[in-house]
Amino acid sequence: MSSYQIHHETMLHLLWGLPVLGLVFAYAEHRRRQALERFAEAGILERLNITIDPARRRWKACWLLLGCAFVIVALVRPAWNLTSKTVRRQGRDVVFVLDVSRSMLAEDLVPNRLERAKLAILDCIETFEGDRVGLVAFAGTAAVKCPLTLDYGFFRMMLSQIDTNSISRGGTVIGDAIRCARKEVFDNTNRSYRDIILITDGGDHETLPVEAAMKAGEKKIRILAIGLGDEDDQRVVHITDPKTGRKQVIQHDGKRAALNLNADILRKMANATPGGKYLNVATGMIDLDRVYADLVTSAEKRDVEAKTIKRYEEKFQIFLGIGLALLVIESLLGERRKRRQPKETAA
């Protein structure tokens, strides 16, 4: 390995211009000398008061050429003193498990629960630094919509396509969604650095969600459960018909469906995992980015990647400083001789 490095080797070709410039100066000096010789032959030179000093002019040319040479070397960006630095990137694996059942179209959150949840997830993504993120959507079944990735742009694209038609079967199978995230999204490595952020407005007994959460807890997966809706009162859920634009009530088996949040199940799910937490948003704001900052970024993180970067220290500043100093000196030098003061004659 070489003990130095240059970043713009092609800039060295500019040095070929310096001999050409030197020849131009020499030719100009030669032409001036020939002109003076013609004046001398004509007897005019003695009558002229020539104050230009050829030696000073040659020094100015030397300073100019030398200054340009140093500036060109600076443009090459020379570097030496090889140093090594290890850069570590840390992060966690976070899977958003999002309820996309029709009840998420309820407009007690503006514009509706589902869109508000998606906006909250987008805000949360803005705080991510090195965390892999995945997405599972569920209603009557669960499906992986985005595997774990560091490509946040791809995640945002997949999230934007999520709606109540993403899952064809109606219902709320929270337990199956947790199992889907555990088995199909998380890998078997880095067991201490995984989170599930569950966002739902319903309850579920048939798919044994608490047991699913306990299995996740055994794998050291933490569940942060966020409940949307009122956990005390059963309310009729109004949605806007996309075809007519009119408000209507969600119906089940021909009857108005009155839904409420089963917060007890969500609490038990969160408590079944190490460090799990339940947050009841109800019909308020979903401040998911703050939740993530408080609960996830403060937790232990795994080393996602470690790289050893070797680089040379750039030293172009030295050559640039010297080159500019030489050019300043050249500009301050004059070409004229110093005038001698006439001697005073005695009275």
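Provided above is the structure to which this section pertains.
Residues numbered from 1 in each chain as written. Predicted model: local features only at pLDDT ≥ 70, side-chain atom pairs only at ≥ 80, totals over all residues. Heavy atoms only, no water.

(A) Focus on helix α5 (residues 174–185). A rise of 1.5 Å per residue sets the reference length of α5, with its 12 residues, at 16 Å; its end C-alpha atoms lie 16 Å apart and thus fit the reference within 8%. Within the span of α5, buried status applies to I174, G175, A177, I178, C180, A181, R182 and V185. (Helix = DSSP H or I, 4+ residues; strand = E, 2+ residues; numbered from the N terminus. Expected span 1.5 Å × (residues − 1). Buried < 20%, exposed > 50% of the residue type's maximum accessible area, 1.4 Å probe, protein only.)

(B) How the structure looks around the environment of D123. Structurally, D123 can be placed in helix α3 (residues 113–125). By relative accessible area, which is 43% here, D123 ends up partly exposed. Residues D123 and R290, spaced 167 residues apart in sequence, show a C-alpha to C-alpha distance of 9.3 Å.

(C) The arrangement of the pairing of strand β5 (residues 142–149) in detail. By the bridge criterion, 5 bridges tie strand β4 (residues 132–138) to β5 in an arrangement that is antiparallel. Opposite A137, over in β5, you have A143 as the bridge partner. Taking the residues that link successive antiparallel strands as the turn, the β4-β5 hairpin has 3 residues. (Pairing = 2+ DSSP bridges.)

(D) Fine view of the environment of A61. In this structure, A61 sits in helix α2 (residues 54–76). Linking A61 and F25, residues 36 residues apart in sequence, is a C-alpha distance of 7.2 Å.

(E) Local environment of the nonpolar core. If you look at the biggest cluster of nonpolar residues, it comprises 33 residues, and the most contacted ones within it are F96, L98, I121, F128, F155, I199 and L288. The element that contributes the greatest number of residues to this core is α3, accounting for 6 residues. (Core = buried A, V, L, I, M, F, W, Y, C linked by side-chain atoms within 4.5 Å.)

(F) Summary view of the packing of aromatic side chains. Scanning the model with the defined rule gives 6 aromatic pairs in all. Members of the aromatic cluster, connected to one another through ring pairs, are F96, F128, Y152 and F155. Over the aromatic face of F186 sits the side chain of R194, whose NZ or CZ is 5.4 Å from the ring centroid. (Phe/Tyr/Trp six-rings, centres within 6.5 Å; stacked < 30°, edge-to-face > 60°. Lys NZ or Arg CZ within 6 Å of the ring centre and 35° of its normal.)

(G) Spatial organisation of the packing of α3 against helix α4 (residues 152–160). Where α3 contacts α4, the axes come no closer than 11 Å and their chain directions differ by 175°. The orientation of α3 with respect to α4, classified from their angle, is roughly antiparallel. Within the contact between the two elements, α3 uses K118, I121, L122 and I125 and α4 uses Y152, F155, R156, L159 and S160. Grouping the constituent residues of the contact of α3 with α4 by class yields 6 nonpolar, 1 polar and 2 charged. (Axes fitted to C-alpha atoms, helices over the stretch in contact; angles between N-to-C directions. Parallel < 35°, antiparallel > 145°, perpendicular 65-115°, else oblique. Contact = heavy atoms within 4.5 Å. Nonpolar A, V, L, I, M, F, W, Y, C, P; charged D, E, K, R; others polar.)

(H) Geometry of a nonpolar patch on the surface. Together, Y4, I6 and L12 make up an exposed nonpolar region whose accessible area comes to about 270 Å². By the secondary structure assignment, I6 is in strand β1 (residues 4–6). The class of I6 is partly exposed, set by a relative accessible area of 31%. (Patch = residues over 30% accessible without salt bridge, like charges linked within 9 Å, V, L, I, M, F, W, Y side chains within 5 Å. Areas by Shrake-Rupley, 256 points an atom, 1.4 Å probe, with all protein chains shown as cover. Salt bridge = Lys/Arg side-chain N within 4 Å of Asp/Glu carboxyl O.)

(I) Representation of α3. Here α3 spans 18 Å end to end across 13 residues, near enough to the 18 Å set by a 1.5 Å rise per residue. For α3, every residue scored as buried is listed here: R113, L114, A117, K118, A120, I121, C124 and I125. One side of α3 holds all its buried residues, which, seen down the axis, span an arc of 160°. (Arc of directions from axis to C-beta.)

(J) Representation of the packing of α5 against helix α6 (residues 209–218) within the structure. Following both chains from N to C, one finds α5 and α6 inclined at 20°, their axes separated by 7 Å at the closest point. Overall, the two elements α5 and α6 adopt an arrangement that is roughly parallel. The chirality of how α5 crosses α6 is left-handed. Seen from α5, the contacting residues are I174, G175, I178, R179 and R182; seen from α6, they are P209, A212, A213, K215 and A216. By residue class, the composition of the contact of α5 with α6 is 6 nonpolar, 1 polar and 3 charged. (Left-handed = near helix turned anticlockwise from the far one by under 90°.)

(K) A look at the side chain of S101. Looking at the secondary structure, you find S101 in the loop between β3 (93–99) and α3. Once residues lying within four places of it in the same chain are set aside, the contact partners of S101 are F138, A139, T164, G171, T172 and D201.

(L) Here's a closer look at the pattern of salt bridges. The tally for this structure, following the rule as stated, stands at 11 salt bridges. For R132, the salt bridge goes to D93, with nearest N and O atoms at 2.8 Å. Taken as a pair, R132 in strand β4 and D93 in strand β3 lie far apart in primary sequence, 39 residues in all. Exposure class is identical for R132 and D93. Each is buried. The partner of K315 in a salt bridge is E313, with the nearest N and O atoms 3.2 Å apart. Classification of K315 as buried rests on a relative accessible area of 16%. With a relative accessible area of 34%, E313 lands in the partly exposed category. If you follow the salt bridges from partner to partner, you end up with R92, D195 and R222 in one network.

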